Structure formats: C-alpha cells, structure tokens
Amino acid sequence: MSVISVIKNIVIYKEPKNNERFELLEDEQEDMVNGEAPETSETAAQNFNENEENILHQPSKNIMQTLKRVMKHKKQEEAPKATNDAKAEQNQDSYNNVSKDLKKNLQKMKQEFHFPTNQDIVIREFKVVQKSNAFIVYIDGMVDKNTINDYILRQLMAEQKNNKNTKISVDYITDNLLAINQVIRQTDYEEIIKQILNGLTALFVEGNQECVLIESRGYEKRSVSTPLDESVIKGPQEAFTENLRTNLTLVRKIIKNKDLVTEMMPMGKAENTTCAIMHIKGITNPKIVQEVKRRIGSINIDFIAGDGGLDQLIEDHPFSLFPQILSTERPDKTASFLIDGKVAIICDGSPYASIAPITFFRFFHTSEDTILRWQFGTFLRLIRMVAAFLATFLPGLFVALTLYHQEMIPTELLFSLSRARENIPIPSILELLVMELFFELMREAGVRLPGAIGQTLGIIGAIILGSAAVAAGIVSPILIMVVSITGLCSFAIPNYSIAFGVRITRFIFFFFGAIAGFYGIAAGIFIFGGLACSMKSFGVPYFSPVAPKTKANHDIGIMAPPWTLKERPDFLNTNNRKRTSGTVRGWIQQANRGNGK
C-alpha cells in the first residue's frame, strides 16, 4: 500500500464494515442476562420476510410428490460417492491416529521429527515390565531427565513379580506403574506431536491404540525478578517471566478466587504456541471473552511473535498510532484489570500480559497510584498528563510561536530569543528537526548498548555534543532546553506503547505547526481527536467514560478516595457492577453506635 493511499484512508471517512465490528451494547447484555437472545433489526426483517414467503407460496400436494421423487433419485445417485468419501475419510483417520502396530508408530514418529537427522529428538525403546515392547519420545532439553529416569523408565522397566499374567494395557500402566501426577491419553498424531514440542513425553506400547502423554516439562527458565519497564517505589516488586505457568501462578497468588478462569488456546496455523485467556466468571462480560477467543482462533499465520505480534493481529485499528491493547509486565496490575472486568491474555514465552478492552486514560495509571494515598496518586497522574501534553505539543508550539505568532511572546523574551539565534546559520525549523532526530538517535543507541557503555553515551551526547553544538553556533541554548524538556516529559509517560505513539505524534504536530502555526496545530488536534473518538477497543469506545460520557468512578484523571469507588465502569457492561454490597468502612458506623449516635 502506497503512502498516498494510507494518507487517503486516514483522512477520508468511511463507513465501518459490518463484518469487522464488534459492538458491546448494554441492551444486548441485559437481554443476555434475562436469558433471551437479542433480536436485531436485520434478523427481525429476515424473519418477517420468511414468514411472509411461507404464507404466500405454499406448494400443492402434486408438487410436493414430484419434489420427493427427484430427491430420492438424487440420493440414489449420490450414495456410491458418499461411500467412497467415507472410505477415504476412514483411511485418513487411520493414518492420523495411533496404530496397534508399534513399528508403524515408531516409523511415524521418526518421519515426523526427521530422526536421526534431528538430534534433539530422543527415542528410547524398551520393554514394559519385561513383557511388552514400547518406546518413549521426547525433546532433549525440554524435559526433566530425573523425571524420565526415576519416575518413568524405572517404574515401567521394573519386573512385576505378582502380576506375571497381567495384560499390559494403557489402563494398567496409568493405574499401576507411572508415578506421575499428570498423564493424558491421546490417539491423534498431530496432538501428540504438539505436546511433545511443549515438553511432554509420549509413551507408545505394543497392541494399544492410545498414546500416553506424560507431564515431564523441565526446561530452563528465568526466576521471578523486579519489573524493568514499570518499576515502582512502593508496592510489589515481582514481574512476569517467559514461563507461562509461572505467570499464571503469579496472578493466582494475588486473586485467590475460585471464579478466576484460565482457558488455554493455541495460536496460529501451526498451533505450536499457546496463550492463556484469564477472566473472572461472574464479573467479566462473556461477550468480550467470546470475542477475544474468536479473534485469536481466526488467526491464520505460521508463527506469532509473542504478545506484540498477537496484539497487532487482534486489535481493532492496526493503522492507528494509539494502542488499543495494554501491555504490562506486572502481575498486580494484571490482577487489578481482571477485578475490573477485563480480559488478560498471556502468551507462552512472553514476560508481558495483554489487557483488553482498554481505554485511553488507563495508559496513564500505574499500580503505585492505588498504593499511595489518593491525594498523592492524583498529583502523580496530573504530572503524567501534563508531561504527555508537553511531549506531544511543545516542539510544534515553539515553532508556531517563533515563526507565526511572535506577538504572543513577551518583548524581553523575544529579544532574548533573537539574540540567541542571531549567529545561527540554519532556520529554526531545521534546527529543531535536527535536534529532535539527534535526541531520538541517542535514545535508540542508549537502549541497544550495554549498560556500562550506555551511561558513557549519555555523557557524550548531553554534555560534549550539546555544549559543543551551542559553542559552535549550530543550535541555540533555548532549543536545547525545548528538546530536553520534551525528552524528559516523554520518559514520564508510564506505558511504553503510548509513549512510542507520542514520540511519533510529536513530529506530526511539529510539521503542522511549521506549516500553519496555531491553526495547523488546531487542525491536527481536530483530526487526531476525531480519529481517536471514533475508535473502539473490543467494542468499548476508546475515550470512555469521557467521550461518550458514561457513568464511572472518579478514577480517570483525579483519584477519588478508595472507599468511594463502589462500582465498576459502566462501559464494560460487567455482570456484577458493584464492588461492594454495603458500607466500605463499616467501622465508622460501629464507632457511632458505640458512642450512642
């Protein structure tokens, strides 16, 4: 898609396609709670047309008899074809299912895993209780070898003196031999291969059409550490890891609720990557859960690169600069979203959880806000919003003031600006653009370099190059201040995704200000505001509860005291709106009763 067509798609308004829209309407939720399916205008019109057609076109008996004879003849013609299809399907099933012949199973496993070329695969042949031939398959490095040696092979190969005449079946093995807490029976080769790739061990036994998948995962994993992107001074210091089971445990350790549901779902065409969909039954709107599962289930791609790739595949507006799914590395933050009625998606191999649906204002909240006193939390949120405003508009406003609206600058300051720029050989637009690009270059280089060298880069960039550029008369000191304040403000935005969007939006408003001054910036705000207000995240308006105005707690920009937050946000249409069933601080009433009041 060319750049012109992209700009055209952004500027020109188009009616949304019906097949892509997912609307989370309150009326539908109420109908669903009452046990009645909602009837839309389209379904109502369709039912009316069908009824009308049935009334006006009732066929006569002769026509019905003719139709029956034609259908009977057609069935007779299609019978041989159906028989052939059934045989082909049966052969295909037999090819995809575990065979009683152990040699066929062994050959199938070797063929699928490219054995012996693929040297990660281990196939161990042996005799179960020294009677029946069998073999196990696993991937070296994905399993715990102590489990394989002590609780699988040792148990299976030991001689059973009291059961010499016992038939070696899968039932006997799982009930009497394997000392493993989790075993699964499976007949489908595709599912068996998928579980082997996940770290399980597959056991095939002669004469059995079932395979036993044994839990034996034991690959190396990183221990739980402190958050790197969302560090806080006060609050929990645990972050997600790349291990899915560990991440689920971290969330469950916070929400000790039997209604917290975790649904595992494969992703992509190969279905070798698993994600966990977490929600609280009874609070989260089931339509949101179904929509999340529908979008993930419809992905048809070979490989999904963790949560970042998944977010781009399931979000509503992939061309927008505003993220519609929040990504967090903190289990306590994930737990707070789940309690609100949102859905968390955690991918295997990713140290982040994706939260949906999400609104714009939640990107400026941190988990520390709820731990601090509400006055302190309000102050911090206001600081972040001011920082986001300056990071977005400050370069554009500076260019607009110096080029088009000098009359708005105080005279003394205008003289100071003029004196600072009298020896600068390049225009102020180019001067600011070069400094912004230099700052972005320095930040990107600082991220890629190792920690020790990264500090040196900061000294070189900020002190040596900045001072040298001012001394050489290439840039003015006040421009250094503008770029530095913009950079500091962008670091104060708590979410990395929205901060990235602000970095790019800053350049767009810079060009708007350079082209038409304040009028250009106002036009940019109008365009971006219209686009943002028309967006939805999984059926929820992006600027809720402000645009459209809905009922919500005072927990958007200004924090209210925690005992006043009695209800969940209205725009989520949760099954249980109330956070509390009575007075939050019951001790006050008890104290009043004790004083005779």
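Keep in mind that what you see is a predicted model, and the values were worked out from it rather than measured.

Colleague: Before we move on, can you summarise the environment of serine 132 with the specific residues and values?
Modeller: With respect to the helices, strands and loops of the structure, serine 132 is situated in strand β2 (residues 132-139). Between the alpha carbons of serine 132 and valine 205 there is a distance of 7.1 Å; along the sequence they are 73 residues apart. Ignoring sequence-local partners within four residues, the contact set of serine 132 consists of Phe126, Lys127, Ile168 and Val205.

Colleague: Run through helix α19 (residues 496-533), naming residues and quoting values.
Modeller: Helix length check: α19, at 38 residues, gives a terminal C-alpha distance of 21 Å against a target of 56 Å (1.5 Å per residue), a shortfall beyond 12%. Where α19 bends most, the angle comes to about 140°, and this point is alanine 516. The opening residue of α19 is asparagine 495, an N-cap whose side-chain oxygen sits 3.0 Å from the backbone nitrogen of serine 497.

Colleague: Could you give an account of the packing of helix α14 (residues 374-403) against helix α18 (residues 477-491), with specific residues and numbers?
Modeller: Packing of α14 against α18 leaves a shortest axis separation of 7 Å and a crossing angle of 155°. By the angle between their directions, the pair α14 and α18 is classed as roughly antiparallel. Of the two possible hands of crossing, α14 and α18 adopt the one that is left-handed. Along its contact with α14, which presents Ala387, Leu390, Ala391, Leu394, Pro395 and Phe398, the element α18 presents Ile478, Leu479, Val482, Ile485, Thr486, Cys489 and Ser490. By residue class, the composition of the contact of α14 with α18 is eleven nonpolar, two polar and no charged.

Colleague: Outline the confidence of the model for the protein, supporting the account with residue identities and numerical values.
Modeller: Low pLDDT marks stretches whose predicted atomic positions should not be read closely. When pLDDT is averaged along the protein, the result is 82; 81% of the residues meet or exceed 70. A low-confidence stretch, residues 29-45 (pLDDT under 50), is modelled with eleven contacts involving residues beyond four sequence positions or located in other chains. Across residues 51-60, where pLDDT falls below 50, the model places one contact with residues more than four positions away in sequence or in other chains.

Colleague: Could you give an account of the nonpolar core, with specific residues and numbers?
Modeller: Ranked by internal contacts, the top residues of the largest apolar core, which has 42 residues, are Met278, Phe322, Leu338, Ile346, Phe360 and Tyr542. Only α9 (244-254), β7 (273-280), α12 (331-340), β9 (343-347), β10 (353-356), α14 and α19 provide two or more residues apiece to this core. With seven residues, the single largest contributor to this core is α19.

Colleague: Describe the packing of aromatic side chains, naming the residues involved and giving the relevant values.
Modeller: As enumerated under the stated definition, the model contains 17 aromatic pairs in all. Ring plane angle 65° and centroid distance 5.4 Å describe the contact between phenylalanine 360 and phenylalanine 364, whose orientation is recorded as edge-to-face. For the residue pair phenylalanine 360 and phenylalanine 364, the accessibility class agrees, reading buried in each case. Above the ring of phenylalanine 376, the side-chain terminus of arginine 373 is found at 5.9 Å from the ring centroid.

Reading the values: rules and limits
Residues numbered from 1 in each chain as written. Predicted model: local features only at pLDDT ≥ 70, side-chain atom pairs only at ≥ 80, totals over all residues. Heavy atoms only, no water. Helix = DSSP H or I, 4+ residues; strand = E, 2+ residues; numbered from the N terminus. Contact = heavy atoms within 4.5 Å. Expected span 1.5 Å × (residues − 1). Bend = angle between axes of the 7 residues up to and from the residue. Polar contact = N/O pair within 3.5 Å; in protein donor to acceptor, adjacent residues only side chain to side chain. Axes fitted to C-alpha atoms, helices over the stretch in contact; angles between N-to-C directions. Parallel < 35°, antiparallel > 145°, perpendicular 65-115°, else oblique. Left-handed = near helix turned anticlockwise from the far one by under 90°. Nonpolar A, V, L, I, M, F, W, Y, C, P; charged D, E, K, R; others polar. pLDDT = per-residue confidence, 0-100. Core = buried A, V, L, I, M, F, W, Y, C linked by side-chain atoms within 4.5 Å. Buried < 20%, exposed > 50% of the residue type's maximum accessible area, 1.4 Å probe, protein only. Phe/Tyr/Trp six-rings, centres within 6.5 Å; stacked < 30°, edge-to-face > 60°. Lys NZ or Arg CZ within 6 Å of the ring centre and 35° of its normal.

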